[in-house]
Each structure stands twice: as structure tokens, then as C-alpha cells.
Amino acid sequence: MIYLVTNNGQLFDNDDYIIIDKSEAYNMLKEAQEIQLDTETTGFDPHTGSLLTQQFGIPDKQFVVDNKTIDPLYFKSILEDEDRLFLLQNAKFDLRWFLKHGINIKNVYDTFLAECILTTGLDKRELGLDALALKYCNVVLDKSIRGNIHREGLTNRVVRYCADDVKCLLDIKTKQLVEIQKYNLNNVLDLENKVVRVFAKMEFTGVNLNQEKWLEVAKVTEQGTLDIEAKLDSILLNEPKLKVFHPKYIQTNLFDFEERKLDINWGSAKQKLQILRVLGFDTETTGDRFLQVNKKKHELVNELINYNKYNKLASSFGKKFLKFINKNTQRLHYNVWQILKTGRISVSDPNLSQIPSKGQLGKEIRSCFIPQKDYVIVGGDYSGMELRIIAEFSKDPLWVNSFIEGKDLHSVLCSATFDIPITDVKSPFPGKPDITYRDIQKTINFGLAYGMSKFKLADTMQITVDEADAIIKKFFKVVPDVEKFLTMLGELSKARGFIRTPQPYGRIRWFEGYDNKEDFKNLGTIERAGKNTPIQGCNGDIIKLALIKVQDYIDKNNLPINILLSVYDEIQTECPINLAEQWKLDLDRLMIEAAQHVIKTVPVIVDSKISTCWQK
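Each chain has its residues counted from 1, following the order in which its sequence is written. Only residues with pLDDT of at least 70 are given local features in this predicted model, and only at 80 or more are side-chain atom pairs given and counted; all residues enter the totals for whole chains, interfaces and linings. Hydrogens and water are ignored here; the side-chain numbers use all heavy atoms of the structure.

Asks: What is the right way to look at the sheet that holds strand 20 (residues 606–611) in this model?
Replies: Across a sheet, strands are paired by hydrogen bonds formed along the backbone, either parallel or antiparallel in direction. Pairing between strands is defined by DSSP: at least two bridges between the two strands are required. Note on conventions: DSSP H or I runs of at least 4 residues are helices, E runs of at least 2 residues are strands, and numbering of each starts at the N terminus. What the four strands build is an open sheet, ordered 18-19-13-20; its pairing is antiparallel. Edge positions in the open sheet fall to strand 18 (562–565) and strand 20, since each of these has one partner strand only. Between one strand and the next, the sheet's axes are offset by a mean angle of 25°, whatever the strand orientation. Any two residues whose heavy atoms approach within 4.5 Å are treated as being in contact. Here an angle of 0 to 180 degrees is reported between the N-to-C directions of two axes, which are lines fitted to C-alpha atoms, with helices fitted over the stretch in contact. Packing of helix 23 (residues 580–596) onto the sheet brings it into contact with strand 13 (375–382), strand 19 (570–576) and strand 20, and relative to strand 13 it is tilted by some 25°.

Written as C-alpha cells, this is what we have:
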């Protein structure tokens, strides 16, 4: 039965639904322990749009609440009851709209996230409500009306459409849970259902940006691109082999000011490929890996690497970046994709993960992200978390003891791998004055967790394949338990067609085509991903648990603190100045507690800072 809840009942007359008062709806809903929930809105942004309807569903009853005549806050006490479970599809979207109205829903089950968990790694999967209703309930939902609701109003077909969105969620959940329990994914589902409300709050809150300073930084990135472009032009004009690209004459303007001589777009992969081939490079790509391998063979190649880096920064973090500033809040509101193949998150619109982690430019970009007035930014950053995860689950004594004794892991392993005193680890590698022994060791330590081959190490460090092969073999003799651990992960992935993150979560990533033992390329891809996923995924699980703990602590103590960002291993918050010192200690403690839920053998370290801007 469909109920339309509105104060304009005299305007509606239809046999498909019954018009009731809001108090009648409240009384029917207040006893329900599980409520299916959805909204219809005038757009995607709660800061600029409006809530049109709230939909509630309980067995055999659906309630469509007309929010043009009924205040969404009327149902606040029901929605904020922590003993009640709310079932949503893509909960993050709806939770942001409830936050706009001061409604903080605590207990959710997200059918979208559950399906993501069950199908992580599969290329062909359908995650929409219509697909789930058909898959689990054999019900066909008509979604053709979507997008027209705000123009059409509460017509009869719109009311039915709204009701349909809260008709199947309970049945979908019941049948999903059979699969969840079958694969022992209850803990990871609980994790994702809890952290989704944190991501919703983060997206809704957004982060403040110093727009004036941003324009100054944008000038630096844009000028850097122009400077390198000028270098590339000069190299090309002075290279006889590239005479075919030289201009036939030099254009000057009316004031005899010499304009750019070349009509070449250095951002064009097609043009760069033509130039590289004329220089004698036999290549089908202008990708970074090819350029890195060949950067010392011609000065133009090295400048192309620099150009690509600056051009990407200028494109991603130039003046156009300010389009992401919300006109109503004057803050930046990004979007979180909650479950990548490894289980980690991605941040888009804008992609803040692209900000360089090192160097002055990355520091300058981050300095533009600032707290609101009378606040400071308090941030925590896990130190070497992926390396600690390797220690925890490989149990390699040298790796583990380095952390327990507080030593620099890279230096300890470097000394053992290259048979040199630990005091010499920062000495130049023979024949390579621009890289040190420790540079190579650090690349190995991180790279092997991603399935790095001898060829990749050779490319990255600009050494021969034979040198790389010898280094890797020696390294694994030094830490044989790490090799056993990584090999085991790769072999399990190829044999079973899936890999898990460590307990207590045991997130699954599926691998398609694992049973075709003749497809060596795909098997190699599976092996590399199988080594990497448990490490990255475990890291992602820890970060999500930390976010939950931090937000719960803020809510429990009613603290005026916002979580702003979570990029890689960081949690950045904004906090009133007078609370900052204590909050820094609390943030440290909460992040460490979250990690220790998984990491029990080696110490966990969080680097925390109080600052007037986002600092790495």
C-alpha cells in the first residue's frame, strides 16, 4: 500500500495511493526497527538544491512525504534513533541531504555498498537499484522518469516511482546477506556501512580554500609549463634531425616582438610521438615509463618528462580548479568513491590525490587549503603503514625488529642487501651519482609490494636488468619470509581467482580469467594484484576504521571539529584553536587504536601536526 503524506491532500485524487496526515505516518513508522529510506531532490548538490520528497518503506507499506508542504525535520526523532536500522541504496547521497536539514542518521545498511563488496574486482557488474531489484527480487523498476520529477511534481506516476524505491530494499538486503555470510564478509560490510556516514559528512562539510593564494600558485604551475615549453622549442629548433618541424619563417607582430616560433602542441601525444620517431626512438607510446627509461638518451626526452608533470599540475590545479568552489558555501566539496578494487577510496571532482606528495610545489598547493576562521588544521599521517603491514603478516625477523627497535627500515635493509655499513647507505650507487644505495632500496621496499619485476626496477632506477635482478635476489635472501609471504599471495590469487585482505575484515577481490592457465599475461596481472591488494586493502581498512573512531568520538563528545580530508594515509581535521593541543593527542590515540585492531606485532606511529594549512 502506498501512502502520500502531504498537507495539500485536496489537490490529489487517485486510487493507487491513500492520502494521510503526517501524524498518521509517524505513528505507523515509529514502531518499525528497519525502515527503507530514500529521497528525491532537485539536483545533486544539497547546498544549492532542495529536498522534494522523503520516502519511507516498511513491509507492505510505502510512504511518500511531500517536503514542499511538510518539514523534513518532522521525522527527525525517528531518523536519529540509533536503535533503528535504515536501508538505503547509495546512502552517501541521501545522508548529505539529511545533514542539510540537521538530521544525523547513525545506523544504515547500504545495498549499493553491499553489492560493491560482493563484486569487487569484477569488470561486469551492475550496481543500480533497478539491477539489484531484478537480480534479487525479480522485480522490474521503471527508472525512465528519473530526472523529470522536479519538473513534473507529484503526479500519480511520480508517487508510484518514489514508492518503488523503498519497496525492495529489505528483500535485497535479506538475500545479499546470504551471500555476505557465505563469503564471511560481515565485518567488512559493517565497516563500510559505518564509514559511509563519515564520508557523507566530509563531502557535505567540504574544505576551505584560500582563493587568492590559489591564483598565485596557479600562476607558478602555468608559468612552469610555459618555461619548459620554451625549452622544448629551443631544443627542437637547434636539433638538425628535427629540421622538418622548423618554421619556414619567423612571425613578428606589429611591435616587432618575436612571437613563438613553433606551431607545436607539446601536450599532443600524436605530435610528441612523431618527434620522438624522427629522433630515432622506435616507440608506440609517449608514456612516462618510456620517457623515464630513455631520459638520458636525448635532452628533449628529459624536458618532456618535466613538461608532462607541470602541464598536468597546471591542468588539474590551475585557475580552472576554482570552478569546484561551491557558490553557496564558498568551500570545496569533493566526491568520494568508497570502494576501489583494493578496498581503498578515491577522491574526485577534484582529484586531490594528484597533489604531489613531495617538493615545494606540492607544499605550496596544500598551503591553500585552510581552516575556517578561529580554527586550525590538525592532521594525522600514518608513518610507513604499508611497510608495517608487510612486517605484521610476513613475520620476517629483520623487517619486524627494525620497527620494534625504532630503526630506519630502508637503511637497515639497504645495509644488508648491499653488504655496506649503515653509514654508507646514502652514498652514490656505483656509476649512478644521482641516486644512492638507499634510493634503490626504498624503491624495492615499496615496489615489491606492487609486484615490481626486475625490468621495472631497472627502468625506474636507470640500472641494467642484470643489476636489478641481482639486487632483488640478494634482497630476498636478506628477508626470505617477505618473499614467501608475497609469493604465497600471488599463487593463491592465481589458484583461487580471488584474494582477501587480512582479518578481521577479509575483504575479497575477485580475479576474472584466472582459470585460463594459458593466458600468461592475465595471470601475471593477477599475481601482481594479488600481492598488492592485501597490503593496500588492509591499509584502506585501517584508515576507514580510524575515520569511524574519530567521527564517533567527535559526536559522542559534541566537539566542534570537522574531518576535512582523507588522502592516502592522512586524516586532516579542522579544530578550534583552543582545543587543538588536546585534539592532536586524541587524534593520535584514535588513529593508533584503529591500526592496532589489525597491526599487533610492530608499533604504529602517527605523525601529527597543528597548522594554519594542510601540511603533509
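Back to the text.
Asks: Whenever I open this one, the packing of aromatic side chains confuses me. Can you help?
Replies: Geometry of an aromatic ring pair is reported as the spacing of the ring centres plus the angle between the planes. Put simply, two rings from Phe, Tyr or Trp (the six-membered ring, in Trp's case) pair if the centres are within 6.5 Å, and we call them stacked under 30 degrees between planes, edge-to-face over 60, tilted for the rest. This model, assessed by the stated rule, comprises 24 aromatic pairs. Considering the side-chain rings of Tyr-26 and Phe-75, the 6.4 Å spacing of their centres and the 25° angle between planes classify their relative orientation as stacked. Within this pair, whereas Tyr-26 is found in helix 1 (residues 22–29), its partner Phe-75 is found in the loop between strand 5 (61–66) and helix 2 (76–79), the two being separated by 49 residues in sequence. A relative accessible area of 22% places Tyr-26 in the partly exposed class. Seen in terms of ring centroids, Phe-321 and Phe-369 are 6.5 Å apart; in terms of plane orientation they differ by 80°. Their pairing is edge-to-face. Remark: Phe-369 occurs in strand 12 (residues 369–370) and Phe-321 occurs in the loop between helix 13 (299–316) and strand 9 (331–332); sequence separation between them is 48 residues. One exposure class covers both Phe-321 and Phe-369, and it is buried. Chaining the aromatic ring pairs together yields one cluster made of Trp-214, Phe-317, Phe-321, Phe-324, Phe-369 and Trp-614. Just above the ring of Trp-614 sits the side chain of Arg-366; from NZ or CZ to the centre is 4.8 Å. Placement of a charge over a ring requires the Lys NZ or Arg CZ to be within 6 Å of the ring centre, with the centre-to-atom vector within 35 degrees of the ring normal. The ring of Tyr-553 has Arg-589 lying over it, and the distance from NZ or CZ to the ring centre is 5.3 Å. Partly exposed residues are those whose accessible area sits between 20% and 50% of the maximum for their type, while under 20% is buried and over 50% is exposed, using a 1.4 Å probe and protein chains only.

Asks: Teacher, can you tell me more about unusual backbone geometry here?
Replies: Excluding glycine, residues mostly carry a negative phi; peptide bonds, for their part, are mostly trans. Residue Pro-350 is bonded to the preceding Asp-349 through a cis peptide linkage, with omega at 10°. Assignment of secondary structure puts Pro-350 in the loop between strand 11 (346–348) and helix 14 (359–366). Here the amide bond leading from Gln-503 into Pro-504 is cis, since omega sits at 20°, within 30 degrees of zero. Although it is not a glycine, Gln-330 adopts a positive phi angle of roughly 60°. As for its position among the elements, Gln-330 is in the loop between helix 13 and strand 9. Of note, the phi angle at Tyr-568 is positive, near 55°, even though the residue is not glycine. Inspection of the secondary structure puts Tyr-568 in the loop between strand 18 and strand 19.

Asks: So what exactly am I meant to see when it comes to the pairing of strand 1 (residues 2–5) here?
Replies: Regular strands place side chains that alternate from one sheet face to the opposite one. Because side chains alternate across strand 1, one face comprises the buried residues Ile-2 and Leu-4, and the other comprises Tyr-3 and Val-5, equally buried. By the bridge criterion, four bridges tie strand 1 to strand 5 in an arrangement that is parallel. Note that in strand 5 the partner of Leu-4 across the bridge is Val-64. The pairing of strand 1 with strand 2 (residues 17–20) spans four bridges and is classified as parallel. Following the sheet pairing, Ile-2 is matched in strand 2 by Tyr-17.

Asks: Whenever I open this one, the sheet that holds strand 5 confuses me. Can you help?
Replies: Pairing in this open sheet of seven strands is mixed, and the strands run 2-1-5-4-3-6-7 from one edge to the other. On the outer flanks of this sheet lie strand 2 and strand 7 (108–110), each paired with one strand and no other. Averaged over all neighbouring strand pairs, the angle between strand axes comes to 25°, with direction disregarded. Contacting strand 6 (85–88) and strand 7, helix 4 (residues 111–119) runs over the sheet at an angle of about 50° to strand 7.

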